[in-house]
Structures are given as structure tokens and as C-alpha cells.
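Here is how the chains run, residue by residue.
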Amino acid sequence: SNFGKAPGSYKSDPNSYMKKLAKSCSVPSLSEVRRSNPDQLRPSQLKESKFAAMGGGGPPRRGEAPVMGLKSSKNFIVANAVEVILAAPKKPQDTTKKFLHKEDYGKVPKYLTHIKRDI
């Protein structure tokens, strides 16, 4: 019966190996794409500005001075302590099973009745 090629026929032939760049096509350089098809380099959609997401109208202007000396009058330690004190207490999660409330509590297990019948 034939199950594939004969033994030894799978050996590689040293004269028929793949040459460098035999199966690859050349990628055009950036300057060639700029000359031939500049529309291909334009983004299809523009991202939203990260400055607009922060609430500003964009980056600060060249002559615009940054606001200096802003200080908060909020005492964060006291505010956090008040928040923790006024928070509702967490309810403990009781994950233990109550075996006394199961429907088969106090009954003889089925496997024991089978064993007793066999004896």
C-alpha cells in the first residue's frame, strides 16, 4: 500500500533552495508614496484632541501664563475621616452553610440504606 512518498524522497535538494527575496514584493519607499499617491498618507479619521477631553479648549497659547499658587482650602484628612464615620456599616457576608436547615437533615443517607440492604 502507498502511504506517501518513498523513504528518503523528503530530503531537501541542495540545488533547489529558495533565494533571497524570491517570494516578496518590494514595498515602495515613503518618498515614492509621497510623489505617486499622497492621499494614502492622510489619516482616514482624526482623533479627538486630548486637551478637549480635559475640559480645555486646546493647549495654552504662547503668551498665556500658567495659573500659579492655586491652593485648596479643603482638609482632605478630616474630610476622609468624616466620610468614613458617616458611611453605613458594611453588612457581614455569611457564606457558611446552615446544615440544620437542609431538607435531608437527620435522615439516613441513601447509600447507607443500599449497603444495609446488601448485608
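Criteria and cut-off values
- Residues numbered from 1 in each chain as written.
- Predicted model: local features only at pLDDT ≥ 70, side-chain atom pairs only at ≥ 80, totals over all residues.
- Heavy atoms only, no water.
- Helix = DSSP H or I, 4+ residues; strand = E, 2+ residues; numbered from the N terminus.
- Rg over C-alpha atoms; globule rule 2.2 N^0.38 Å.
- Buried < 20%, exposed > 50% of the residue type's maximum accessible area, 1.4 Å probe, protein only.
- Lys, Arg positive; Asp, Glu negative; His and termini not counted.
- Charge placed at Lys NZ, Arg CZ, Asp CG, Glu CD.
- Salt bridge = Lys/Arg side-chain N within 4 Å of Asp/Glu carboxyl O.
- pLDDT = per-residue confidence, 0-100.
- Patch = residues over 30% accessible without salt bridge, like charges linked within 9 Å, V, L, I, M, F, W, Y side chains within 5 Å.
- Areas by Shrake-Rupley, 256 points an atom, 1.4 Å probe, with all protein chains shown as cover.

Observations concerning the overall build of the protein chain
A tally of regular secondary structure across the protein chain gives four helices and zero strands. Listing the helices and strands of the protein chain from first to last along the sequence gives α-α-α-α. Taken over C-alpha atoms, the radius of gyration comes to 39 Å for the protein chain, far larger than the 14 Å a tight globule of 119 residues would show. Taking the principal axes of the C-alpha coordinates as reference, the protein chain spans close to 90 × 85 × 25 Å. Each of the 119 residues in the protein chain was classed as buried or not, and the buried ones make up 1%. Taking the 23 positively charged and 10 negatively charged side chains of the protein chain as two groups, their mean positions are separated by 5 Å.

Description of the pattern of salt bridges
Tallied over the full model, the rule gives one salt bridge. Notably, a salt bridge pairs R42 with D39, separated by 2.5 Å at the nearest N-O pair. For the pair R42 and D39, one class covers both residues: exposed.

So, the environment of P28
Mapped onto the elements, P28 comes out in the segment before α1 (30–36). What makes P28 partly exposed here is its relative accessible area of 48%. Spatially, the C-alpha atom of P28 lies 29 Å from that of S16, the residues being twelve residues apart in sequence.

Focus: the confidence of the model for the protein chain
Across the protein chain, pLDDT averages 84, with 94% of residues at or above 70. Here helix α2 (residues 50–53) is the element of the protein chain with the lowest mean pLDDT, 67, and helix α3 (residues 76–86) is the one with the highest, 95.

Here we look at a nonpolar patch on the surface
On the surface, V108, Y111, L112, I115 and I119 cluster together to form a nonpolar patch covering roughly 570 Å² of accessible area. Tracing the backbone shows V108 in the loop between α3 and α4 (110–118).

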